[in-house]
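A closer look at the structure
Single-letter residue listing:
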Amino acid sequence: MFSEMTQSGLVRPEYQQIDTWLKSQSIDDLKQASSEAETLFRKIGITFAVYGEGGDPERLIPFDVIPRVFSASEWNVLQRGVVQRAQALNAFIADVYGAARIVKEGIVPAEIIFNNEAYEPVMRDFMPPKNVYSHISGIDVIRTGEDGFYVLEDNCRTPSGVSYVLENRRMMARLFPELFMNGDVAPVEYYPDMLRQTMESVAPMNAADDGGIVSVILTPGHFNSAYYEHSFLADEMGIPLVEGSDLFVDGDKVYMRTTRGPQRVHVIYRRIDDAFLDPEQFNPSSMLGVPGLIRAYKAGGVTIINAPGTGVADDKAIYCFVEDMIRFYLSEEPVLKNVETFRCSEPSQLSHVLENLEHLVVKEVHGSGGYGMLIGPKSTAEEREQYAQRLKAKPSAFIAQPTLSLSTCPTLVEEGIAERHVDFRPFVLTGDISQVTPGGLTRVALREGSLVVNSSQGGGVKDTWVLTE
């Protein structure tokens, strides 16, 4: 098990300040700070509804007061790796809705692209501004040992969690201002400015002629699990938060209803799934979307962030081919490697998975949030048998990976400070340039021995530090 803080019993250089600070704090002091953070988060309204538990709107994601730290050199590798990955994924999306060269070259099988439920035929032969499809990408990264970082998953649709990146930092600066006095922790508060810059950089041509680019965030409403993030980002960027009923299409342009009359909208950061985005094009019963939105989009009247159909790139079966995409589109070697993955659609790989279920983690290709997984070493024989039947019934719906021992970070738990497993999600912004905030979302599995860090499964979050040179 790889500890982020210590190696061979010695504190790693980037954690020296944290080690000194922890030695100066009692467990009671840290628990008091943790309690204060929870009170403040609840007062601010930073909640997360978990649908599997009835969608409780008052649920808080637990915040751990002990930060996770990256050195400048570690961050340099991570930043190069996730930007490279986002560029390759964007090239792949452009390709599969265009010439499909990667299929013709025999690198990615046609069926896992064109039979993918996330593939949207309406996007064929359409090129969005700057040829960018996934403007906001969340790349989930893990470390399993001294051999470096691996990508566990790509999120190209509507990745969430960046509000916690900003709020976690504000909370740490409020509770422990002395930790930031040296100025050696890179700031994260510029993310909203970077996001707004990214959005405006892909506005339709001649948008500025309307007296300025108008951007909005389109939310499904306050019952959505990530609604706090939608409203938080709108406030931070100083742009309107709208629902589908606030917008309408006229003459292939999108307008927002205001007290002063209709106002042209040029860029929509949508936090609504494809199926509900436009009842004319997708689900006709959707009350969340905007009728005619796709028509206006394809006519060049508005930019949608992220583009419809980007989900074809973050499918777990497609994940297996991202390293090949990097070589194919960028003519580069991957900076960050994939985790070894078995595609159950391949008979030989399915046989291997079925014979080794007790050692593997099996995931649904279209699953998310930690749901629908089988964690072999923690499963019963009955659970494995039931899952095996599902695998045999529809092999193409699953992939499998070795059970990885994610790296650990010191974490405040009821008994004191203990090591808990973590992962990391940096956010890549792609417009006329690619940018990454120096930091990201560190998720922590709060249950002892647990490898599931998802907030929907009881995981917590930490502030993430990137040290300057």
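Scoring rules and cut-offs
- Residues numbered from 1 in each chain as written.
- Predicted model: local features only at pLDDT ≥ 70, side-chain atom pairs only at ≥ 80, totals over all residues.
- Heavy atoms only, no water.
- Helix = DSSP H or I, 4+ residues; strand = E, 2+ residues; numbered from the N terminus.
- Rg over C-alpha atoms; globule rule 2.2 N^0.38 Å.
- Buried < 20%, exposed > 50% of the residue type's maximum accessible area, 1.4 Å probe, protein only.
- Contact = heavy atoms within 4.5 Å.
- Areas by Shrake-Rupley, 256 points an atom, 1.4 Å probe, with all protein chains shown as cover.
- Lys, Arg positive; Asp, Glu negative; His and termini not counted.
- Charge placed at Lys NZ, Arg CZ, Asp CG, Glu CD.
- Pairing = 2+ DSSP bridges.
- Axes fitted to C-alpha atoms, helices over the stretch in contact; angles between N-to-C directions.
- Parallel < 35°, antiparallel > 145°, perpendicular 65-115°, else oblique.
- Nonpolar A, V, L, I, M, F, W, Y, C, P; charged D, E, K, R; others polar.
- 1 Å grid on protein atoms, 1.4 Å probe; cavity = no way out; pocket = protein on both sides within 12 Å on 5 of 7 lines; lining within 4 Å.
- Points joined across faces, edges and corners; volume = space filled by probe spheres on them.
- Phe/Tyr/Trp six-rings, centres within 6.5 Å; stacked < 30°, edge-to-face > 60°.
- Lys NZ or Arg CZ within 6 Å of the ring centre and 35° of its normal.

Here we take up the overall build of the chain. Counting secondary structure elements, the chain contains twelve helices and 23 strands. In summary, the chain has a C-alpha radius of gyration of 22 Å against a globular reference of 23 Å for 469 residues, a match within 12%. Out of the 469 residues in the chain, the part that is buried amounts to 57%. Restricting to contacts in the chain with at least 6 residues of sequence separation, those with at least 24 account for 68%. Roughly 19,700 Å² of accessible area belongs to the chain as shown, and the carbon and sulfur atoms make up 49% of that amount. Of the charged side chains in the chain, 42 are positive and 64 negative; the average position of the first set lies 2 Å away from that of the second.

What follows concerns the sheet that holds strand β6 (residues 215–218). Spatially, the four strands line up as an open sheet ordered β7-β6-β11-β12, and their pairing is parallel. Lying at the two open borders of the sheet, with one neighbouring strand each, are β7 (241–242) and β12 (303–305). Both strand β11 (residues 267–270) and β12 contribute to a ladder of three bridges, which runs parallel. Along β12, the bridge assignment pairs Ile268 with Ile304.

Turning our eyes to something else, we now look at unusual backbone geometry. Looking along the chain, the bond that leaves Ile305 and enters Asn306 is cis, with omega of -15°. As for its placement among the helices and strands, Asn306 is situated in the loop between β12 and α10 (322–330). Positive phi outside glycine occurs at Ser8, with the angle close to 50°. If you trace the backbone, Ser8 turns up in the loop between β1 (6–7) and β2 (10–11).

A word on the packing of helix α7 (residues 191–201) against helix α8 (residues 227–237). Running from N to C, α7 and α8 point in directions that differ by 85°, and their axes come no closer than 9 Å. Classed by the angle they form, the pair α7 and α8 counts as roughly perpendicular. Residues Tyr191, Pro192, Leu195, Arg196 and Met199 of α7 lie in contact with α8, whose contacting residues are Leu233, Glu236 and Met237. When the residues that make up the contact of α7 with α8 are grouped by side-chain class, the tally is six nonpolar, no polar and two charged.

Another aspect to go through is empty space enclosed by the protein. For the structure shown, the criterion picks out one cavity of 30 Å³ or more. Space inside the largest cavity adds up to approximately 30 Å³. The element contributing the most residues to the lining of the largest cavity is helix α6 (residues 162–175), with three residues. Residue classes in the lining of the largest cavity are distributed as five nonpolar, one polar and one charged.

Following the criterion strictly, the structure yields 15 aromatic pairs and no others. Plain terms: the ring middles of Tyr97 and Tyr133 are 6.5 Å apart, the flat faces sit at 20° to each other, and that makes the pair stacked. Placement of Tyr97 in the loop between α3 (72–96) and α4 (101–104) and of Tyr133 in the loop between α5 (110–114) and β4 (136–145) is noted, with a sequence separation of 36 residues between them. You'll find Tyr97 and Tyr133 in the same group, each marked buried. Ring plane angle 85° and centroid distance 5.2 Å describe the contact between Phe114 and Tyr119, whose orientation is recorded as edge-to-face. Using a relative accessible area of 5% as the deciding quantity, one classes Tyr119 as buried. Taken together, Phe70, Trp75, Phe149 and Phe424 form an aromatic cluster joined through their ring pairs. Above the ring of Tyr387, the side-chain terminus of Arg390 is found at 4.9 Å from the ring centroid.

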